[in-house]
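Listed below are the residues making up each chain.
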Amino acid sequence: FANITVQLPTEPTQEPEDAEQQQQQQQQQAEQMQTYTFRDMDDAKFAALGRDNPKLLMALLEAAQTADKAAWQAFQADLSTLKLKRQRLNGQLSDARSLLDQALREASKREGLAAAAAAEGPITPLKTSSAVRPVRIVLICGFESFNVALYNAAAKRLKALAPHIQLKVYSDRDIASRKKEVGIALAGADCFFGSLLFDYDTVEWLRSQLTTVPVVLVFESALELMGMTRIGTFTMDPSGKSKGPPPAIKKVLSMFGSGREEDRLTGYLSFLKIGPQLLKFLPGKKARDLRTWLTVYGYWNQGGLQNVVSMFLYLTEQQLAPAGLPTPPPPLETPQTGCLHPARPGHYWASPADYMAWYKKEGPLRGTDAPIVGMLLYRKHVITDQPYVLQLISQMEAEGLIPVPVFINGVEAHTVVRDQLTSDHEQHEIAAGRLDRGTLRRDAVKVDALVSTIGFPLVGGPAGTMEGGRQVEVAKAILSSMNVPYVVAAPLLIQDLASWSEQGIQGLQSVVLYSLPELDGAIDTVPLGGLVGDDIFLVPERVTRLASRLHKWVALRRKPPSERRLALLLYGFPPGVGATGTAALLNVPQSLERLLGAMQAAGYDLGDLPEGPGALEGLGEALLKTLKGQEEPRTVSRGTQGINALGAGPAAQWGVQPAAAEVSPQHLRDLLTFPHTWGPTEWGPIPYLPDEDALVRRMERQWGNLLSYRGINSTTRGTLLVPGVQLGKLWIGIQPLLGLEGDPMRLLFERDLTPHPQYAAAYKWLQQDYGADAVIHFGMHGTVEWLPGSPLGNTGLSWSDVLLGPLPNVYLYAANNPSESIIAKRRGYGTIISHNVPPYGRAGLYKQLTILRDLLSDVRGDPNSVGALKDAIAGNVEASGLQADCPLREGEEMSAEQAAAVGDEEFLEWCDRLYIYLQTLENRLFSEGLHILGAPPSTSQMAQYLGAYYGDALPSEAVEVLAEGQGAERARAALEKAWRQPAARPAEAPADASQLLKEAESIRSLLLRNREELSGLLNALDGAWVPPEAGGDLLRDGPGVLPTGRNIHALDPYRMPGPAAEARGAAAAEAILTAHREQNNGAYPETVAINLWGLDAIKTKGESVGMVLHMVGARPVKEGTGRIARYELIPLEEMNGRPRVDCLCNMSGIFRDAFQNVVELLDDLFARAAAANEPEHMNFIRKHARDLERQGVTSGNTARLFSNPAGDYGSMVNERVGAGNWENSEELGDTWAARNAFSYGKGGERGVARPEVLQTLLGSCERVVQEIDSVEYGLTDIQEYYANTGALVAAAKNARKGKNVGCSIIETYGKKVEPKELEEVLRLEYRSKLLNPRWAQAMAAQGSGGAYEISTRMTALLGWGGTVGYTDSFAWDQAADTYVLDPEMAAQLRASNPQAFRNVLGRCLEAHGRGMWQPNEEMIDKLRKMYGEMDDELEGVK
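Described below are features of the structure shown in this document. (Residues numbered from 1 in each chain as written. Predicted model: local features only at pLDDT ≥ 70, side-chain atom pairs only at ≥ 80, totals over all residues. Heavy atoms only, no water.)

### What about the overall build of the chain?
Moving on, step 1. Helix and strand counts for the chain come out as 61 helices and 40 strands.
Moving on, step 2. The buried share of the chain, taken over its 1438 residues, is 60%.
Moving on, step 3. Looking at the chain alone, contacts between residues at least 24 apart form 74% of all its contacts between residues at least 6 apart.
Moving on, step 4. Of the accessible surface of the chain, which amounts to about 54100 Å², a share of 51% is contributed by carbon and sulfur atoms. (Helix = DSSP H or I, 4+ residues; strand = E, 2+ residues; numbered from the N terminus. Buried < 20%, exposed > 50% of the residue type's maximum accessible area, 1.4 Å probe, protein only. Contact = heavy atoms within 4.5 Å. Areas by Shrake-Rupley, 256 points an atom, 1.4 Å probe, with all protein chains shown as cover.)

Dropping the structure here:
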């Protein structure tokens, strides 16, 4: 930037009042230019310039780029690499500081324990009756590392009481850091004691070490490890495959418990208590040894210092080295379940009913109407006196909630909720006779909400999960009967506070807190604290957040609908292209009308909204037009005065009122400032103490001083405008823009670390000033959940948490997207309400394609006519752009000249291939139109759903009968009649036809329940529990994803890939390798880049992971519960002579965050592959790792899993394309590489910048692989495909100096897994969708939303041209014909969404300007004229 001079016009001193004054100002600006010269520039000056004068910065960038484009591009790439390296070094420095802090804490803790021991005084040793030998016991604890201090205290007490007993205590983390020491201890041990050990590597290592240890006791751990339990003659199942208790116990276990399957483990606990007494009367050593085992378990289960000491004394005397020690006292018992309260320390109430009887007399909030919250606590934490337990109870009370704290072992959670807690809803249903009381106690306590501080599933808890036999349906029945919010909020027991605050919740901890509870319908997960060293600490600020959200949910239940103040947010990003009021797959205007009608019927205050059938028709589009008008800059600059002057426009006739607000900069500062009294008491022992103005300072670092800020939605007075409209107590607005598209600070350097001031002001205004009881995010998807912050596990500094605050967030989402919806659920506190996808259509044929099909039918019917029809066929192939799809021979496209020269026989063979291609095209499915919320399918739409689902399995005649609801018997008659036709494929109906028709009837019934989308949303607004369901789509996942209106969730990440996904992934990978070798003289690719996306991984159960495994040559290894614990290398001799292919795994942010366990397993796989002693020509992972070593890259040379920075999402390539801010594909490839240079894996590999490794892998990458998981989201439908897959191809080409990079597309929603080349799929998709009149008409009929969908696909067409050079002229020619030159279509788009239509015109002109499309001058002149007219219209000139 040195010595660059730029000129800018002077800024006007006031806003123009009319067009004439605006023109005068523009003329004055042009005449009065300011000149700026830059002598030098550094990071700090650049950042300051971006904050203080973004227009000047933009001009500077443009000047630098224009001066030398090649130098500019090189500067961008070099600067990006340097910044990434600096970021990595800063991360390493931060890690070193954390380790130092931890060491200082541990030293302080040791000093404290020593002082406490000294204060205790001397302990008198116990007397022994005989000579003793030393007894060596090694104890290793896993998930109960919080008990390490307790066990160490027990070791000291034992040493004092019985010096011959030597107890060495470790946690499972010590195996990684002190493995040699632990191994030596185990080698000389007489007894091993382990608890809650699940990590696969830990378990496998211990199994190898324990073979010679005489006595092994393992409790509540991995089945393989518990199977090694042996004490005398008593052993567990050595195979580790036995589920549940030992066979000896099973014989008498049936005497205990309720007899219900889900209560089996609760009965088991009852038996363990009484078992030792029963076994006293049974003779024989086996019974005695079993009794010893049960007694030891009883001591351990009861916990506490006295019990642990007594346990080891008892064990030593009974089994290890009897020395005549006095018999230790029996276990000091604590109830298996019960209630507690800080006001009565050491006292336990037997039941919630007893507790509430006390509370009503003596409880701190007695006599108030404070919400009552059932709280499930982990018994282990209660009996070991973990301080956070009582602290949590006290703080919940301080926050105005009455806690009912019930401690449980974990497996009894469902019995407590089912039998001892109830709700107003449940009691009402019982009284009405709609619900059976069952096991519910008559003194059950009514609660307003449920909070689990344990996590795991409600039924079975930790044990249920580890056995893999979850009772999901039982949990649903219990929670639907209660029908109150079910929230998981717990301290982290597997992860420390420092790693949570710095990197987010990871691995198994995320499964325990999020994945498993979500299957039960849990919402609003709030981590409450975590480990510091081996101790559990609470973060009170997080308890405050939990309490505030519970208050809001309960308030919704208690307020009648007419008193609830609600906010509904629509979307409008990106700006200027007609996106306002749109959502993916949803007709927003008509869906709004249906929701408003349902709310009106439910009693909500919607002002003067008219009633009656058809009364709301047209309101949706009118609302959008009004809201779009509020975006006009001159209106915004005048603030609320401008909005009020604008009025409600066309929506006024329905009683809509303008309802904007202004937030002053000082008020925003106040809203973002933490209470000045907050300190360590509120924030807990997190690694840093935030200042009260920490959020304000972060924002001002990015956007400048708030008091002088003038930017997005600023008024002339400097206030921040929040535009919107009002219907009674419902406020409707557009979610603020995430940022300015094209903003150089975002595109060139790094993503904003904060939202902009008006974004924050809008949400804070909704919370504090408007006083919303809940917010509705209307459709897929908004941006608040994607804001910077912790990747998983919100902290008080996560922007989504800051801006949503206590607001219940009812989030409408497409059912087929469980991937992105979990981000909304986890980061945005979204209670998801799913909606269906639009019906499926068959592409059919049109225009020249129809003519071509008829010509081919003629020539195939009469081969003698081939000579006469050659010219016509060849001409239509050229006109349709089919030459590349159906070449005459490899590398030879068909033309009129070729047709004349080729022989008739070869031409006929080519016609057969062309005919098959047209059949494929004709039968391709697409998503037809947009879905309307709560609208059941019409008969024709029902036929489309069923026809697409069953394909050839059901003839259209049977489908039509089923769609009409005529029943299975009539459908069977139609089926048999169709199959009796001579052309029918089978001779008669298959044997399972009855089952197939019954399923089809069921699917029809489920689709008709689309109405539950509205009732589900209203139930959520009632503060009720929303039933959970797996997300997915009908075609891929079957009827299990129906009905909609559910709180959708993802899958258990520890089952990825599933068996079928592994097989399909392997088949796809093998097909890709075969196709690649055919194109490359039999050579294997050294590196294949495979995109790992959250959505396709969830919907396919991990087929993309299966592809990676096959490429590398690996397979999953499962432990006893069925959980995948490792990906092991397949020996080379089993791989049929092929090498291990290296894989560059490009992860979406969702995959990275949702499947951290898979990321760690893959990282471990690549490390072991690189270390395998194999020839480099047979192991490309090893070859490339050693190449990097030779280049001096010794750290991270096995990194293969790359993504965006931690907590950040997207390649930003689509933003550059959308803004037109790019020059060539090389620049877009560099942008992708800069945004995806962050490595993830085991240990501290959490977003470490490794640009050198990425570039090396890209340099050897010969092929990119992308899955397409659904009909709705193809390559041409959304921006993410070209922005990631296309840009990845561009980045690889850059690294390979322009060498070819192939791209394989796998469409996984079909039965076959045949890879296709990228350009082939692009052509198929464009022909079946964007260029298809049927698709175009269906989409245009959807109004403003449909026009926007068309517009986005035009942008994507440009994006594919920019990234991979896709420039088929037929695509642009036919798109222009369909949407611009067709007067009726152009008028329709222009009327419904003028901004979207302008974008269609603009993209055509941009394609021409960039050399992607060469239409004639007449066409370009017409496009320019139309674009100018649209510009004038939108600027208010016409």
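Let's pick the thread back up.
### Remarks on the sheet that holds strand E26 (residues 830-835)
Moving on, step 1. Across the sheet, which stays open at both edges, the seven strands sit in the order E19-E22-E23-E18-E24-E25-E26 with mixed pairing between neighbours. The open sheet has two edge strands with one neighbour each: strand E19 (657-658) and E26.
Moving on, step 2. Here four bridges tie strand E24 (residues 774-778) to strand E25 (residues 809-814), and the two strands are oriented parallel to one another. When the bridges of E25 are listed, histidine 777 appears paired with tyrosine 811.
Moving on, step 3. Relative to strand E23 (residues 730-734), helix H25 (residues 619-629) is tilted by about 60°, and along the sheet it contacts strand E18 (566-570), strand E22 (725-727) and E23. (Pairing = 2+ DSSP bridges. Axes fitted to C-alpha atoms, helices over the stretch in contact; angles between N-to-C directions.)

### A closer look at the side chain of threonine 831
Moving on, step 1. Inspection of the secondary structure puts threonine 831 in strand E26.
Moving on, step 2. Once you skip the residues sitting within four places of it in the chain, threonine 831 turns out to touch Ile523, Trp553, Asn809, Val810, Tyr811, Ala1020, Val1026 and Asn1047.

### A short note on helix H38 (residues 904-922)
For an α-helix the count is 3.6 residues per turn, leaving residues at separations of three or four pointing the same way.
Moving on, step 1. The end-to-end C-alpha distance of H38 is 26 Å, a good match for the 27 Å that 19 residues give at a rise of 1.5 Å each.
Moving on, step 2. Among all positions of H38, only Phe907, Trp910, Cys911, Leu914, Tyr915, Tyr917, Leu918 and Leu921 are buried. Around the axis of H38, the buried residues are gathered within 165° of arc, so they sit on the same side. H38 presents Glu905 and Ile916 as exposed residues on the side facing more than 90 degrees away from its buried surface.
Moving on, step 3. Each element contacted by the buried residues of H38 is listed here: helix H35 (847-861), helix H36 (866-880), helix H37 (896-901) and helix H55 (1318-1328). (Expected span 1.5 Å × (residues − 1). Arc of directions from axis to C-beta.)

### Some words on the pattern of salt bridges
Moving on, step 1. Using the criterion set out here, one finds 75 salt bridges in the structure.
Moving on, step 2. Taking the shortest distance from any N to any O, the salt bridge between arginine 634 and glutamate 632 comes out at 3.2 Å.
Moving on, step 3. Close ionic contact of arginine 1046 with glutamate 1012 constitutes a salt bridge, the shortest N to O distance being 2.9 Å. Of this pair, arginine 1046 sits in the loop between helix H44 (1034-1037) and strand E30 (1047-1049) while glutamate 1012 sits in helix H43 (residues 1012-1021), and the two are 34 residues apart along the sequence.
Moving on, step 4. Arginine 1046 gets classed as buried once you look at its relative accessible area, which sits at 12%. (Salt bridge = Lys/Arg side-chain N within 4 Å of Asp/Glu carboxyl O.)

### Re the pairing of strand E10 (residues 372-378)
Moving on, step 1. Counting buried positions over the seven residues of E10 gives seven, a clear majority of the element.
Moving on, step 2. Because side chains alternate across E10, one face comprises the buried residues Ile372, Gly374, Leu376 and Tyr378, and the other comprises Val373, Met375 and Leu377, equally buried.
Moving on, step 3. Sheet analysis places E10 next to strand E11 (residues 402-408), joined by seven bridges and oriented parallel. Looking across to E11, one finds that isoleucine 372 is bridged to isoleucine 402.
Moving on, step 4. Where E10 and strand E14 (residues 449-452) come together, four bridges link them in parallel fashion. In the strand pairing of E14, valine 373 is matched with alanine 449.

### Things to note about the packing of aromatic side chains
Moving on, step 1. Inspection of the entire model under this criterion finds 33 aromatic pairs.
Moving on, step 2. Plain terms: the ring middles of phenylalanine 1151 and phenylalanine 1155 are 5.3 Å apart, the flat faces sit at 50° to each other, and that makes the pair tilted.
Moving on, step 3. When its relative accessible area of 1% is taken as the criterion, phenylalanine 1155 is described as buried.
Moving on, step 4. Centre to centre, the rings of tyrosine 1282 and tryptophan 1360 are 6.5 Å apart; their planes meet at 70°, and the pair counts as edge-to-face. Taken together, the positions of tyrosine 1282 in helix H54 (residues 1279-1295) and tryptophan 1360 in helix H57 (residues 1344-1364) put the pair 78 residues apart, joining distant regions of the chain. As far as burial versus exposure is concerned, tyrosine 1282 and tryptophan 1360 are alike and both buried.
Moving on, step 5. Joined through ring pairs, the aromatic side chains of Phe193, Phe219, Phe234, Trp293, Tyr297, Trp300 and Phe312 make up one cluster.
Moving on, step 6. Taking the ring centre of tryptophan 300 as reference, the NZ or CZ of lysine 380 above it sits at 3.6 Å.
Moving on, step 7. A cation over a ring is seen here: arginine 1410 above tryptophan 1222, with NZ or CZ 3.6 Å from the ring centre. (Phe/Tyr/Trp six-rings, centres within 6.5 Å; stacked < 30°, edge-to-face > 60°. Lys NZ or Arg CZ within 6 Å of the ring centre and 35° of its normal.)

### Considering the side chain of glutamate 1267
Moving on, step 1. Along the polypeptide, glutamate 1267 turns up in strand E38 (residues 1261-1268).
Moving on, step 2. Discounting residues that sit within four places of it in the chain, glutamate 1267 has contacts with Asp1096, Thr1100, Glu1103, Ser1104, Met1107, Tyr1281, Ile1306 and Thr1308.

### Remarks on the sheet that holds E11
Moving on, step 1. Pairing in this open sheet of seven strands is mixed, and the strands run E9-E11-E10-E14-E15-E16-E17 from one edge to the other. Both edges of this open sheet fall to strand E9 (338-339) and strand E17 (535-538), since each of them pairs with a single strand only.
Moving on, step 2. Pairing between strand E15 (residues 486-496) and strand E16 (residues 523-532): five bridges, direction parallel. Across the sheet, residue aspartate 496 finds its bridge partner in E16, namely leucine 531.
Moving on, step 3. Against the sheet, helix H23 (residues 540-558) contacts E10, E14, E15, E16 and E17, and its axis sits at roughly 165° relative to E16.

### Comments concerning unusual backbone geometry
Moving on, step 1. Going from phenylalanine 573 to proline 574, the amide bond is cis rather than trans, its omega being 0°.
Moving on, step 2. In this structure, proline 574 sits in the loop between E18 and helix H24 (588-601).
Moving on, step 3. The omega angle of the peptide bond from methionine 780 to histidine 781 is -15°, so this bond is cis rather than trans.
Moving on, step 4. Considering the arrangement of structural elements, one finds histidine 781 in the loop between E24 and helix H33 (799-804).

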